[in-house]
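# A look at the structure
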Amino acid sequence: MTTSSSERGVSLGMPQLPAPAYPDDVRARLETDAREVIARYPDSRSALLPLLHLVQAEEGHVTRTGMQFCADVLGLTTAEVTAVATFYTMYRRRPGGDYQVGVCTNTLCAVMGGDAIFEELQEHLGVGNGETTGDGKVTLEHIECNAACDFAPVVMVNWEFFDNQTPDSAKSLVDDLRAGRPVTPTRGARMCTFKETARVLAGFPDEREGAVESGGSAGPASLVGLKLAKGEASSARVVHPRGEAARTGAPHEPSPTEHLSSHDAPQDTSASDPAHPAGPTAEEGE
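A brief structural summary. Worth saying up front: this structure is predicted, and the values here are computed from it rather than measured.

About the criteria used
Residues numbered from 1 in each chain as written. Predicted model: local features only at pLDDT ≥ 70, side-chain atom pairs only at ≥ 80, totals over all residues. Heavy atoms only, no water. Helix = DSSP H or I, 4+ residues; strand = E, 2+ residues; numbered from the N terminus. Buried < 20%, exposed > 50% of the residue type's maximum accessible area, 1.4 Å probe, protein only. Contact = heavy atoms within 4.5 Å. Areas by Shrake-Rupley, 256 points an atom, 1.4 Å probe, with all protein chains shown as cover. Bend = angle between axes of the 7 residues up to and from the residue. Salt bridge = Lys/Arg side-chain N within 4 Å of Asp/Glu carboxyl O. Disulfide = S-S within 2.5 Å. Axes fitted to C-alpha atoms, helices over the stretch in contact; angles between N-to-C directions. Parallel < 35°, antiparallel > 145°, perpendicular 65-115°, else oblique. Nonpolar A, V, L, I, M, F, W, Y, C, P; charged D, E, K, R; others polar.

Secondary structure summary: the protein contains eight helices and five strands in total. Counting from the amino terminus, the protein carries its helices and strands in the arrangement α-α-α-α-β-α-β-β-β-β-α-α-α. The burial tally for the protein puts 37% of its 286 residues in the buried class. A fraction of 66% describes how many contacts in the protein between residues 6 or more apart in sequence connect residues 24 or more apart. Per element, the accessible surface of the protein, about 16800 Å² overall, is 54% carbon and sulfur.

Okay, structure coming up:
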């Protein structure tokens, strides 16, 4: 008994059929939005990135139809659009969940517990890297540096920060997302879906109540260099001078723009993986 190439999953290199077109009403709406985006740029080609977010907001990922639309309105080839869409990881190439949960597994977050968080979330959700839960709510992935090392380990949901995570706090976070309970990031407005986030990234107003006022900033350690560059006095040293005992002081109180999420882990320890707690710090050479 023989099997065909298609049954074996072998591609014969046959060209794909043309991408199906958007329904007329959808295309008309997207063309209106696209004209608004393109008008912001002196060269229409520069609008490709936000337009990819626009079509991603329509279907939840960048489809062949979406890439064909971008090519048509910008006068590009589909090859040129595909080259961009496949380069940037913020553009999905296949369907995903309402909430993209990314666990930073780059060096600092990893050693602070990011690897443990990612492993436990895979087991808790029953999915692997880049996979989506059966209810279509959560897509889990490990991601590179989120530029929030002050708050390692960090988890991002639809590009919003959840700082100082532990395996338990991360599991509580995804459980709330799947249950539809309100979730507010450490820095930013209340969570919205991946499609809604994509439309904001396309450059359209964030219509959530209080979204514009909600904010946050980098942590104190990241801002020391900026303050010094501006000629401002640094409020505290990040590391005490060699041979000098560490100073003790009042615990850090978050400012109004540094509000905490209910999903932030307790911040009295840096050991996010209880099985591998961080050891005592020591000066170099000790």
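Right, picking up where we left off after that structure.
Approximately 70° is the largest bend angle found in helix α5 (residues 107-125), and it occurs at Gly113. Taken as a whole, α5 has its buried residues at Cys109, Ala110, Gly113, Gly114, Ala116, Ile117, Phe118, Leu121 and Leu125. For α5, the secondary structure elements touched by its buried residues are β1 (99-104), β3 (138-143), β4 (155-157) and α6 (167-179).

Scanning the entire structure with this criterion turns up 12 salt bridges. When salt bridges that share partners are traced, they join Arg27, Glu31 and Asp72 into one network.

Let us now look at the state of the cysteines. The final tally for this structure, using the stated rule, is zero disulfides. Unpaired in this structure, Cys109 has its nearest cysteine sulfur neighbour in Cys104, at a distance of 3.7 Å. Here Cys149 is not disulfide-linked; the sulfur of Cys145 is the nearest cysteine sulfur, at 4.1 Å. Cys149 gets classed as partly exposed once you look at its relative accessible area, which sits at 39%.

Here we come to unusual backbone geometry. Following Ala152, the chain continues to Pro153 via a peptide bond in cis, the omega torsion being -5°. Topologically, Pro153 is positioned in the loop between β3 and β4. Of note in this structure, Asn158 is not a glycine but carries a positive phi near 50°. Assessed through its relative accessible area of 2%, Asn158 is described here as buried. With a phi angle near 75°, Trp159 is a residue other than glycine that sits in the positive phi range. With respect to the element layout, Trp159 can be found in the loop between β4 and β5 (160-162).

Direction vectors running N to C along helix α2 (residues 48-59) and helix α4 (residues 78-85) enclose 80°, while the axes themselves pass 11 Å from each other. The pairing of α2 with α4 is recorded here as roughly perpendicular in orientation. Where α2 abuts α4, its residues Leu48, Leu49 and Leu52 lie against Glu80, Val81, Val84 and Ala85. Among the residues making up the contact of α2 with α4, the classes are represented as six nonpolar, no polar and one charged.

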